[in-house]
Amino acid sequence: MGLLEGRKGLIFGIANDRSIAYHVAQSLHEEGATCGFPHLPGEKNARRTQKAIEAIGIGDPWLIPCDAASDDDLDAVLAATKERFDTIDFVIHSIAYADRTYLKPGMFHQTPRDVWSQALDISAYTLVAMAQRFKPIMPRGGSIIAMSYYGAEKAIPGYNVMGVAKAALEAATRYLALELGESGIRVNTISAGPLRTLSSMGVGGIDEIFDWVAKKSPLQRNIEAGEVGKTATFLVSDLSTGVTGENLYVDAGYNIVGL
Ligand SMILES: NC(=O)c1ccc[n+]([C@@H]2O[C@H](COP(=O)([O-])OP(=O)(O)OC[C@H]3O[C@@H](n4cnc5c(N)ncnc54)[C@H](O)[C@@H]3O)[C@@H](O)[C@H]2O)c1
């Protein structure tokens, strides 16, 4: 029997089979979890998400369009999730967005107000928006996980406004963990090392980051997306019932190196 047999939940953020969310879905599915998949609206997005999920071997996957920047869309996901699953045990937040014009080394100080607001809204506030909606349908408690990056803590050339959004995401995680703990809901972030995905390709200077991590991290390599999937499985499972408000690094140890 899998670690997650009988668990149900939502995975936000599968764009294709490179997405971190795809690897999380694969790992949770292997352990017996049942998942629903909100995806960006639009036929092309739906097709890409469906194709990726089918590659995992999930037959007849449940997809629902959702622009997480829209309260109406999130309300619709809540209503449809209630109807489909009644209650859930986990939510995976694996989404982020910032205008890539400003994700280039040297461009942070040029960030316009609307670009800042949009990045912080989609990449950080949406975790709060999801927690407030899904808490009532998590009566057994459960696990909420969001994806972060080291650029939340250190200034990484090119990560720019996304680093500010990740700092907000990590802080929001601690506040949510504090308030949802009494409902038995744990809230954590995974700080993943760099991976080649649609989103990361928009960050200027990313190739240099891959080279640097491979050279300087204790494990002397970059991570694989499946390693994030396995850590998410741990955080959804009863193996981590005492863990909340944490930021768990899956980065080949890069964050511990001082020189
Ligand atoms: N790739 C990396 O190196 C890396 C490292 C650490 C953390 N992360 C984080 O992991 C998460 C997933 O990113 P990824 O690398 O898998 O890239 P990805 O492009 O595959 O996934 C990003 C997802 O965000 C979704 N999204 C964007 N705006 C949205 C909106 N308004 N509403 C709903 N969904 C929206 C996209 O549709 C996509 O599915 C992000 O939070 C990202 O910042 C990525």
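Parameters and conventions
- Each chain carries its own residue numbering, running from 1 in the direction its sequence is written.
- Only residues with pLDDT of at least 70 are given local features in this predicted model, and only at 80 or more are side-chain atom pairs given and counted; all residues enter the totals for whole chains, interfaces and linings.
- To obtain the side-chain values, all non-hydrogen atoms of the structure were used and water was disregarded.
- Numbering of helices and strands runs from the N terminus; a helix is a DSSP stretch of H or I covering at least four residues, while a strand is a stretch of E covering at least two.
- Radius of gyration: over C-alpha atoms. The globule rule applied is 2.2 Å multiplied by the number of residues raised to the 0.38 power.
- Any residue under 20% of the maximum accessible area for its type is buried, any over 50% is exposed, and the rest in between are partly exposed; the area is computed with a 1.4 Å probe on protein chains only.
- Each residue is tested against the molecule or strand, and it is near if at least one of its non-hydrogen atoms lies within 4 Å.
- Nitrogen and oxygen atoms within 3.5 Å of one another constitute a polar contact, given that in protein one can donate a hydrogen and the other can accept it, and given that sequence-neighbouring residues count only through two side-chain atoms.
- All accessibility values rest on the Shrake-Rupley procedure with a 1.4 Å probe; residue burial counts only the protein chains present in the view.
- A 1.4 Å probe that fits into a set of points on a 1 Å grid over the protein atoms alone but cannot get out defines a cavity; an open set with protein on both sides within 12 Å along at least five of seven lines defines a pocket, and lining residues are those with an atom within 4 Å of a point.
- A molecule is said to be in a cavity or pocket once over half of its atoms fall within 2 Å of that pocket's grid points.
- We call two residues in contact when some of their heavy atoms are within 4.5 Å.
- The span one expects for a helix is its residue count, reduced by one, times 1.5 Å.
- Summarising the geometry, the arc corresponds to the directions from the helix axis toward the C-beta atoms.

## Quick word on the overall build of the protein chain
- Looking only at helices and strands, one finds seven helices and seven strands in the protein chain.
- Mapped in sequence order, the helices and strands of the protein chain form the string β-α-β-α-β-α-β-α-β-α-β-α-α-β.
- Compactness check: the protein chain gives a C-alpha radius of gyration of 17 Å against a globular reference of 18 Å for 259 residues, within 12% of the reference.
- The dimensions of the protein chain, computed from C-alpha atoms along their principal axes, are 50 × 40 × 40 Å.
- Residue burial in the protein chain is summarised as follows: out of 259 residues, 52% are buried.

## Digging into the site of the ligand
- Every one of the 26 residues lining the ligand counts as a neighbour, but Ser19, Ile20, Leu195, Thr197 and Ser199 are closest to it.
- At 2.8 Å, a backbone N or O of Ala68 approaches a nitrogen atom of the ligand.
- Taking Lys166, its side chain carries an N or O atom lying 2.8 Å from an oxygen atom of the ligand.
- If the ligand stood free it would expose 810 Å²; the protein chains cover 91% of that surface.
- Among the cavities detected, the one that contains the ligand is the largest pocket.

## Some details on the side chain of Asp89
- Position of Asp89 relative to the elements: it lies in the loop between helix H3 (71-85) and strand E4 (90-93).
- Since its relative accessible area comes to 8%, Asp89 is described here as buried.
- Reaching out from Asp89, the side chain makes a polar contact with the side chain of Arg140 at a distance of 2.9 Å.
- If near-sequence neighbours (up to four positions away) are discounted, Asp89 is found in contact with Gly6, Arg7, Lys8, Met138, Arg140, Gly141, Gly142 and Ser143.

## Thoughts on helix H2 (residues 43-56)
- The end-to-end C-alpha distance of H2, which contains 14 residues, comes to 20 Å, matching closely the 20 Å that a straight helix rising 1.5 Å per residue would cover.
- For H2, the complete set of buried residues consists of Thr49, Ala52, Ile53 and Ile56. Projected down its long axis, H2 shows its buried positions confined to an angular sector of 95 degrees, all on one face. Residues Glu43, Lys44, Arg47, Lys51 and Ala55 are exposed on H2 and point more than 90 degrees away from its buried face.

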